[in-house]
Amino acid sequence: MTTEPEEWVENVRMLTESAGAIVPVDGDLSRVRSQRWVEPGFSRKVWASVVDMGWLGIQVKEESGGLGLGVRETVALAQVLGQGLVPEPVLPAWLAMQLAENAGFDAELEATLSGELLMVPAWQASPAGLDPHTGITVSNGRLSGSRTAVCGATGADLFVVTTTAGLALLPRDAKGLSMTTLAMHDGTFQAQLDFDEVVCELRPCHDIASALDTAMVLHGGYLLGVSERAFEITLDYLRIRRQFDVAIGSFQALQHRATDIKVQLELARAAINAAAAKIDLGQDGTHCSLAVLRARTRAAALARQVAREVVQMHGAIGCTDEADIGLFVRKAMSEAGQFAPEHALRKQFLTLRENPIGNSLLDSSARDHVPTDSLEPAHSTLIGACS
């Protein structure tokens, strides 16, 4: 994992340039459109390209066959994937591989890096849940319970399931495992997994919290990319759309709203980069988790704000499926709630800040007792306007 600025900056440059193989530089979304509402919701051919470029192993240690890069580099790549609305489950695979590496599932990790298998995590008991240990019971080597909001499940071969006793790695055809597929608003798919006394092998994993911290930062980078590209498309529209023989971008009210978005973009970018740097530099778990929660809350609030504002600025066309901006609005609506909605993240942040008894956001047993009326806004208000 690199810490010298010149090293990771160069790594970021090379990674973002390589993304052109999947994210067209001209912003063409025809491939993304072709995958919508068609299971598994992404292209196997593009997934093979992801494997060939070594992206899956970006954070896997070099001795395990990966690139051994840091969170800052990975965030930059996630941001580009968000700009292109890439539907392939790259981010879920990153989390699954980090968990599998920490638990010593070496053979499965190698098979995933080579493209033989696709592995995704199953860790949430509810869409608003942040505790990966609830919702599953294990008795006599058999696993029962459920996991929801499993991204990429329709095309996965293996599921990394979190439990109170460790990690279980289960094939999709395991006896007693059933899957309920849910079509999302953006045309991708999630699933609920139900386990009925599924035979499993459990392995200890003591770094689940840090893996989730990293995954939340990476997802924040993806949301930032979605928001950035949606904003760029909107600025172009403001320049060419005319009313009363003038471009609507000259209207002061729209300029103020665009300025507010720009401010929030930069605040979110700073928070995400700061959280990634803290993880890379090995700061203690509490400080990392606070930075992660702050960054992820900002990213989600930003995505929702941008989705609202671009529809207002485009008018009715912003809600249509035919317009590219409509795809970004749908993606923001579908992705902003991943890793729990903002109010739950704020509650975690306040609890951890007031009771830093553990080393991560998962260690505070009192976190569910913070009154919601004491929560602060996730975003700063606009304190100035640029010309």
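Residues numbered from 1 in each chain as written. Predicted model: local features only at pLDDT ≥ 70, side-chain atom pairs only at ≥ 80, totals over all residues. Heavy atoms only, no water.

A. Up close: the overall build of the protein chain. The helix and strand tally for the protein chain stands at 11 helices and 10 strands. Over its C-alpha trace the protein chain gives a radius of gyration of 21 Å, about what one expects of a compact globule, namely 21 Å for 387 residues. Projecting the C-alpha coordinates of the protein chain onto the three principal axes gives extents of approximately 75 × 50 × 45 Å. When the 387 residues of the protein chain are sorted by exposure, 56% land in the buried category. Averaging the locations of the 32 positively and 47 negatively charged side chains of the protein chain gives two centres separated by 7 Å. (Helix = DSSP H or I, 4+ residues; strand = E, 2+ residues; numbered from the N terminus. Rg over C-alpha atoms; globule rule 2.2 N^0.38 Å. Buried < 20%, exposed > 50% of the residue type's maximum accessible area, 1.4 Å probe, protein only. Lys, Arg positive; Asp, Glu negative; His and termini not counted. Charge placed at Lys NZ, Arg CZ, Asp CG, Glu CD.)

B. Representation of the pairing of strand β3 (residues 142-151) within the structure. Taking burial as the measure, the 10 residues of β3 include 7 buried ones, the bulk of the element. Note: strand β2 (residues 136-139) against β3, 4 bridges, orientation antiparallel. Looking across to β3, one finds that V138 is bridged to L143. Hairpin geometry of β2 and β3 is characterised by an intervening segment of 2 residues between the two adjacent antiparallel strands and by a positive phi of about 55 degrees at N140. One ladder, built from 7 bridges, connects β3 with strand β7 (residues 189-199); its direction is antiparallel. Residue pairing across strands places R147 opposite L193, the latter belonging to β7. (Pairing = 2+ DSSP bridges.)

C. Highlighting the sheet that holds β2. Across the sheet, which stays open at both edges, the 4 strands sit in the order β2-β3-β7-β6 with antiparallel pairing between neighbours. At either end of the open sheet lies a strand with only one pairing partner, and these are β2 and β6 (177-183). Each neighbouring strand pair of the sheet contributes to a mean axis angle of 15 degrees, computed without reference to strand direction. Across 7 bridges, the pairing between β6 and β7 is antiparallel. (Axes fitted to C-alpha atoms, helices over the stretch in contact; angles between N-to-C directions.)

D. Focus on the packing of aromatic side chains. Here the structure, examined in full by the defined rule, presents 2 aromatic pairs. An angle of 55 degrees between the planes, with centres 6.2 Å apart, marks the rings of F42 and W47 as tilted. For the pair F42 and W47, one class covers both residues: buried. (Phe/Tyr/Trp six-rings, centres within 6.5 Å; stacked < 30°, edge-to-face > 60°.)

E. Examining the pairing of strand β1 (residues 119-122) more closely. Of the two faces of β1, the one carrying M119 and P121 and the one carrying V120 and A122 are both buried. As paired elements, β1 and strand β4 (residues 158-163) share 4 bridges and run parallel to each other. Within β4, the position partnered with P121 by the bridge is V160.

F. Expanded view of the domain arrangement of the protein chain. Domains assigned within the protein chain are domain 1 (7-203) and domain 2 (208-362). Facing the 40 residues of domain 1 at the interface are 44 residues of domain 2. The interface formed by domain 1 and domain 2 contains 4 salt bridges. Two residues, R36 and D321, come together in a salt bridge whose shortest N-O distance is 2.9 Å. Here domain 1 is connected to domain 2 by 11 residue pairs in polar contact (both at pLDDT 80 or more). Ranked by residues supplied to the side of domain 1 that touches domain 2, first place goes to helix α4 (residues 71-83) with 10 residues. (Domains from an automatic or database assignment. Contact = heavy atoms within 4.5 Å. Salt bridge = Lys/Arg side-chain N within 4 Å of Asp/Glu carboxyl O. Polar contact = N/O pair within 3.5 Å; in protein donor to acceptor, adjacent residues only side chain to side chain.)

G. Spotlight on the pattern of salt bridges. Evaluated as defined, the whole model comprises 16 salt bridges. Linking R13 and E17 is a salt bridge whose minimum nitrogen-to-oxygen distance equals 2.9 Å. Of this pair, R13 and E17 both sit in helix α1 (residues 5-18), separated by 4 residues, roughly a single helical turn. According to the relative accessible area criterion, E17 is exposed, its value standing at 53%.

H. Quick look at the sheet that holds β1. With respect to topology, 4 strands assemble into an open sheet ordered β1-β4-β5-β8, the strand pairing being mixed. The open sheet has two edge strands, β1 and β8 (202-203), and neither has a second partner. As paired elements, β4 and strand β5 (residues 166-171) share 6 bridges and run antiparallel to each other. The residue of β5 that forms the bridge with T163 is G166.

I. Seen up close, the nonpolar core. By size, the foremost hydrophobic cluster in this structure holds 102 residues, and its most contacted members are L81, W94 and V217. Both domain 1 (7-203) and domain 2 (208-362) contribute no fewer than three residues apiece to this core. Apart from the residues lying within four places of it in its own chain, the contact partners of W94 are W55, L56, I58, T74, L77, A78, L81 and L218. Core analysis: the next-biggest nonpolar cluster, separate from the first, contains 18 residues, A122, A156, F159 and C200 among them. (Core = buried A, V, L, I, M, F, W, Y, C linked by side-chain atoms within 4.5 Å.)

J. Inspection of the environment of I248 at higher detail. On the secondary structure map, I248 appears in the loop between β10 (246-247) and α8 (252-280). Residues I248 and Y237, spaced 11 residues apart in sequence, show a C-alpha to C-alpha distance of 8.7 Å. Not counting chain neighbours up to four residues away, the residues in contact with I248 comprise Y237, L238, R241, R242, Q243, L254 and M313.

K. Here's a closer look at the confidence of the model for the protein chain. Taken over all residues, the pLDDT of the protein chain has a mean of 88, while the share at 70 or more is 90%. Predicted confidence is poor over residues 359-387, with pLDDT under 50, and the contacts of this stretch with residues over four places away or in other chains come to 64 contacts. (pLDDT = per-residue confidence, 0-100.)

L. Seen up close, the environment of A295. In this fold, A295 is placed in helix α9 (residues 285-314). Note: C-alpha distance between A295 and L267 (28 residues apart in sequence) is 9.0 Å. With residues up to four places along the chain from it excluded, the contact list for A295 reads A271, I272 and A275.

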